[in-house]
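# Survey of secondary and tertiary structure
Okay, here's what each chain looks like letter by letter:
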Amino acid sequence: MSNLSEDLVFLVLKYLDEEGYKEAAHMLERESGLYFDMNYFEELMLSGKWDEAEKYLSGFTKLNDNKYSTKIYFEIRKQHYFEALDKKCRAEALDVLTNDLQVFAKGNEELFKEMTQLMTFENIREHESLSMYRDTKSARKVMMKEIKRVIEANPIFRGRLEFPIVKGERLRRLINQSLNWQHMQCEDPHQNPAIDTLFVDHVCDPQPSQTISYQSPACSVKSSLSTVAQYASRIGGSFPAKNPATKVIEDSDVLSKRMPIVTVDEVTSTITDHGQNHISELAISKDLPSTVIRTLNEGSSPVSMDFHPVWLTVLLVGTSAGEIGLWDVSCGGKMVARNFNVWDLGACSMALKVALEKDSHVSVNRVLWSPDGFLFGVAYSKHVVQLYSYIGGDELDQILEIDAHLGGVNDLAFSSPEGELLVITCGDDRTIKVWDVVSGNRCFTFEGHDAPVYSVCPHIKDNIPFIFSVSTVGRIKVWLYDNLGDRIDYDAPGLGCTKMAYSADERLFSCGTSKGGESYLVEWDDTVGCFKRVYKGLGPNPLSAVQFDITRNQLLAAGDDHMVKFWHMDNTQLLKAIDADGGLPANPHIRFNSDGTLLAVSSSGNQIKILANANGLDLLQGCGNDSIDASGVESETSRKNGNVAEVNSKTTGEATYGEKAWETIERPSQCQSLQLCADVKRTKISKLIYTNAGDAILALTSNAIHLLWKWPQNDLSSSGKATTKVQPLLWRPTSGLQLMSNDLSSTNPEETMPCFALSKNDSYLMSASGGMISLFNVISFKTMRKVMAPPPAATCLAFDPRDNNVVAIGMDDSTIMIYNARLDKVTNALAGHTKRVTSLAFSTSMKSLVSSGADAQIFVWNADEWKIQKSKALQIPDGSKLRALLQIPDGNKLRALSDSDTHVQFHEDQLHFLIVHKTHLAIYEVKELGCVNKWVSDSSEPISHATFSCDSQTVYASFVDGTIGIFDASVLVLCCRIKPSAYLPADISCSYTVYPLVIAGHPQKPTQFAVGLSNGEVHVLEPLESEGEWGILPTVKRNLESSAPAKTTFQGFLYE
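Bear in mind the structure is a predicted one, so any value in this text is a computation, not a measurement.

### Let's talk about the overall build of the protein
- Across its full length, the protein holds 19 helices and 59 strands.
- Counting across all 1056 residues of the protein, residues that qualify as buried make up 54%.
- Within the protein, contacts between residues separated by at least 24 positions form 55% of all contacts whose residues are at least 6 apart in sequence.
- For the protein, the computed accessible surface area is about 45900 Å², with 50% contributed by carbon and sulfur atoms.

This is how it looks when you write it as structure tokens:
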């Protein structure tokens, strides 16, 4: 079917949908096979219309077309069979088994035998593999989710899962245009023509006695076609909304058809260089880094270079002899040099050992800094990738060595698709592999190239992460981070070694050289996989592939013909070529620094020439001969953030409990609450946290038992996130292991300070209750390791967000231990506090660790060098007031750990943090430890705990009288107060013996929080759906803002 014929079918489908002819539309979809309506198919499946679903499916694929199609049919018939058995319809089940499932028996005899045996079960859930089978509705949803995944992976459906973007009533518009054209051809056109049929061309009857003034009438088809307004009212939901994951597949390759090789003439003949009207190319040419200001002498030929992303004068170099070096180009000095060496030969594969024995020579193929500049990777010509950490000076830290590929590792790249840093490699073994930088585990292996893979280019577009790969024969493929195969397969120009790169403004470029020596520098339209521009000026290069680089969203550069050549991105004509004072090889390697002021160019004689523009000269003169150290990054951050004056005074006119200027919630009908059920004997809740996914709550009791509640996914909670509408399940592993519990040997539970920390991926938990620290696998409940027997005992824990293997551990002897779980050792011990450490929190943006202790002091530590950056003593109320606050009305006291125990938590912006003390709440900024805002309790109710909401716009605080206060975080003003009677049973709500000890905010829902009580209960609270949020801003806040001295706003916080 031709493209125009396909377009006509889509227009008819659009028209049928607009007019409400749904069945006819689905019949045409099936018969044409052009568009698979996933919503319609899902509707059939969820309603159990198995025959109709298979009939619709058969228009697109048959059972034996490929393994994906076979699985789709199998899943449909298997579910039909299970439901028949579950309904006790034995005859129907037997019919499905013998007529529908029999076709899958060949090659799957054991599976078919097992399914046949299900006929003997009274309840299919008695079978081990179906023990989790729930109701029919839930089972169909699970099945449909799996079938969707398989359909999207099935190459037969590529290009058929999304309806083209077509304007409303497009077919009607085309008919109108045709009628207008026909009317214009009339010899005597009427001003108001009568159109009675579409079966024949329109012709106006002659009007002999009238003179017609033609005004290009807008003819319209009669009422048989719907109006635009009617269409708009009906179309919502008729065609499926775009699936982002599917969108990438379609946009990148509409559809997996191999693209023809387009010649230069074909491309350039249709391109207009619109940028020339806006930019003076003469000015750009003058601003090119073309002046040679340094020459660096390497020991062997440079083959790969990369400037540090932050330190603009630090250059990483890899050579043909396997050496890596770090240069400070401001002074021309080499700071670090390392020759190739396998770090752990015993852990390497036999293939690598054999290769090194045959030929010990190893070359560097690629060096690259991570985006933040804390790591760099080196890809070698034999098997290995090595990752180093560099924070200044003359030292490199070995981070990770990977025996990555059989043969050479040709390229590497860094990516963070879900926040976790990954390294991507490709090699001579025709594979692309994705590795976790922290653990060294292989996450994905992509296979499908029929030649060695030359380069990789990861990117994220429209929130969809993907990877380009190019083989040595110019085959381009695109992969998502899954194991479902490549999504695109087409050819690079020249069918040779090619590298791809995105500019910062999302434009895609590639440069490569064919086996015949022809080189191509092109810009791609990555939405359809074709060229937008082919740049002119590259000469023949029979010896090696041309290398290129991009800078400042304006310039392209390539090393070609013993020169460096430049192009403006919007002009295919060569802008300028320079020879860098001569001596360049045929295809020099080139690399810009991040702001485009310096350019490194490999030269003959194992040299590297550093070229600069005027700004680059200023940069080098400003650097002088100063050595590079980690403070350079910090000072850059400081320059960007500026200084904030310290504020110690209490906010003028601040609200306190005594002012009664807030909304009070005192009845259960005024909020939504849920008590989490548990059939486990438990004492008070000492620690409480939501999982990062927001679908579970984890609690640690004072008797050292961990309780994990998980929310099921059902109609009341389609997302499976925590909610007050659905009771979660107390989770127990299927392995039969007991609940996770801490070591309590030789400790008194009442005298300990329990603590735990959950890893970013919710998989690992470190926890202690006065005894040894336990590392748990949260999925299996298995105890992975126990470390650090007391004394001293751990009092608080925090995972480093940059590395799940690094944990900061506060101790009761006032020290802080930095423990590396991968190495199983303490790497640093921090001293500064004079009493036990009570809380720890990391700031990712400031690269800092903040600690607070029973000595009422705050310390800020550099999280790279583990040195003190700043410290400050908290302002605590005088002793008499503190003793009054610590007194509970029934005569008991709070757990007598210390009058000055504090808790610290970072704001969402990572630049401010919340301090929680029994007497007050305060918000500080990290850099200078200035107190931004402070709320002091003027009543006799001590604060037991407090936390930010996930968006940091609210502070939830619990009090010893059972009250929960909700504060506006920007000014620390109380705006809502929840009394115990609103969420506790009547028999205990009036008692002061039951109150929240800990409080935790949901990680995605700003208005939801949970409290852990002194009687071992956990309650989840949310505002009423009709309200949508907690309370209103109190009148006192408005009065305060109008009467207080002038303040300036800085990122949402108020500064006096």
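From this point on, the discussion continues.
### A closer look at the confidence of the model for the protein
- Here the protein averages 81 in pLDDT, and 82% of its residues register 70 or above.
- Here residues 878-899 is a poorly scored stretch, pLDDT under 50, and it has 45 contacts once near neighbours within four places are set aside; other chains count.

### Side note on the sheet that holds strand 36 (residues 764-768)
- Spatially, 35-36-37-38 is the arrangement adopted by the 4 strands of the open sheet, whose pairing is antiparallel. Since the sheet does not close on itself, it has two edges, and those belong to strand 35 (755-758) and strand 38 (783-787), each with one partner. The mean inter-strand angle of the sheet, taken between neighbouring strand axes irrespective of direction, is 15 degrees.
- Sheet analysis places strand 36 next to strand 37 (residues 773-777), joined by 4 bridges and oriented antiparallel.

### Quick look at the nonpolar core
- Among the nonpolar cores identified, the biggest contains 43 residues, and Phe36, Phe41, Met45, Tyr81, Leu101 and Ile151 are the most heavily contacted of them.
- For this core, the elements supplying multiple residues, two or more each, are helix 3 (38-46), helix 4 (50-58), helix 5 (67-86), helix 6 (90-101), helix 7 (109-117) and helix 8 (136-153).
- Here this core takes 9 residues from helix 5, the largest share from any one element.
- Non-local contacts of Tyr81, meaning those with residues more than four positions away in its chain, are made with Ala93, Val96, Leu97, Leu101, Met115, Thr116, Leu118 and Met119.
- Core analysis: the second largest hydrophobic core is formed by 32 residues, Leu676, Val680, Ala722 and Phe781 among them.

### With respect to the side chain of Thr902
- Of note, Thr902 is situated in the loop between helix 17 (879-885) and strand 47 (903-906).
- With a relative accessible area of 5%, Thr902 lands in the buried category.
- Among the polar contacts listed, one links the side chain of Thr902 to the side chain of Ser852, at a separation of 2.9 Å.
- Each residue touching Thr902, except ones within four places of it in the same chain, is listed here: Thr838, Ser839, Ser852, Gly853, Leu874, Val916 and His917.

### Regarding the pairing of strand 44 (residues 848-853)
- Within strand 44, 6 of the 6 residues are buried, which leaves the element mostly enclosed by the surrounding structure.
- Going residue by residue along strand 44, you find Ser848, Val850 and Ser852 tucked away on one face and Leu849, Ser851 and Gly853 tucked away on the opposite face as well.
- Where strand 43 (residues 837-843) and strand 44 come together, 6 bridges link them in antiparallel fashion. Bridge pairing links Leu840 to Ser851 in strand 44.
- Between strand 43 and strand 44, which pair antiparallel in sequence order, lie 4 residues; one of them, Lys847, sits at a positive phi of approximately 55 degrees.

### Considerations on the sheet that holds strand 14 (residues 453-461)
- With antiparallel pairing, 4 strands are arranged side by side in an open sheet as 14-15-16-17. Only two strands of the sheet have a single partner each, and these edge strands are strand 14 and strand 17 (488-491). Between one strand axis and the next, the sheet turns through 20 degrees on average, direction left out of account.

### What to know about the pattern of salt bridges
- Scanning the entire structure with this criterion turns up 36 salt bridges.
- Ionic pairing is found between Lys22 and Asp17, a salt bridge with its closest N-O pair at 2.9 Å.
- Given a relative accessible area of 7%, Asp17 falls into the buried group.
- For Lys148, the salt bridge identified is with Glu42, shortest N-O distance 3.1 Å. Linking Lys148 in helix 8 with Glu42 in helix 3, this pair joins segments that are 106 residues apart in sequence.

### Quick look at the packing of aromatic side chains
- Applying the stated criterion across every chain yields a total of 34 aromatic pairs.
- Summarising the aromatic geometry, the rings of Trp935 and Phe959 are spaced 6.1 Å apart at their centres and angled 75 degrees between planes, so their arrangement reads as edge-to-face. Of this pair, Trp935 sits in strand 50 (residues 931-936) while Phe959 sits in strand 52 (residues 954-959), placing them 24 residues apart in sequence.
- Judged by its relative accessible area of 0%, Trp935 falls in the buried class.
- On the basis of relative accessible area, Phe959 is assigned to the buried category, the value being 0%.
- The structure contains a cluster of three or more aromatic residues connected by ring pairs, namely Phe36, Tyr40, Phe41, Tyr56, Phe60 and Phe157.

### A word on the packing of helix 5 against helix 7
- Following both chains from N to C, one finds helix 5 and helix 7 inclined at 20 degrees, their axes separated by 11 Å at the closest point. Looking at the two axes, helix 5 sits roughly parallel to helix 7. By crossing handedness, the relation of helix 5 to helix 7 is classed as left-handed. In this structure, helix 5 contributes Phe74, Lys78, Tyr81 and Phe82 to the contact, and helix 7 contributes Leu111, Met115 and Thr116.
- Residues belonging to the contact of helix 5 with helix 7 are distributed by class as follows: 5 nonpolar, 1 polar and 1 charged.

### Considering the pairing of strand 22 (residues 547-551)
- Burial within strand 22 is extensive, with 5 of its 5 residues counted as buried.
- Burial of the side chains of strand 22 extends over both faces: Gln547, Asp549 and Thr551 are buried on one face and Phe548 and Ile550 on the other.
- Here strand 22 pairs with strand 23 (residues 555-560) via 5 bridges, running antiparallel. Across the sheet, residue Ile550 finds its bridge partner in strand 23, namely Leu556.

About the criteria used
- Residues numbered from 1 in each chain as written.
- Predicted model: local features only at pLDDT ≥ 70, side-chain atom pairs only at ≥ 80, totals over all residues.
- Heavy atoms only, no water.
- Helix = DSSP H or I, 4+ residues; strand = E, 2+ residues; numbered from the N terminus.
- Buried < 20%, exposed > 50% of the residue type's maximum accessible area, 1.4 Å probe, protein only.
- Contact = heavy atoms within 4.5 Å.
- Areas by Shrake-Rupley, 256 points an atom, 1.4 Å probe, with all protein chains shown as cover.
- pLDDT = per-residue confidence, 0-100.
- Pairing = 2+ DSSP bridges.
- Axes fitted to C-alpha atoms, helices over the stretch in contact; angles between N-to-C directions.
- Core = buried A, V, L, I, M, F, W, Y, C linked by side-chain atoms within 4.5 Å.
- Polar contact = N/O pair within 3.5 Å; in protein donor to acceptor, adjacent residues only side chain to side chain.
- Salt bridge = Lys/Arg side-chain N within 4 Å of Asp/Glu carboxyl O.
- Phe/Tyr/Trp six-rings, centres within 6.5 Å; stacked < 30°, edge-to-face > 60°.
- Parallel < 35°, antiparallel > 145°, perpendicular 65-115°, else oblique.
- Left-handed = near helix turned anticlockwise from the far one by under 90°.
- Nonpolar A, V, L, I, M, F, W, Y, C, P; charged D, E, K, R; others polar.

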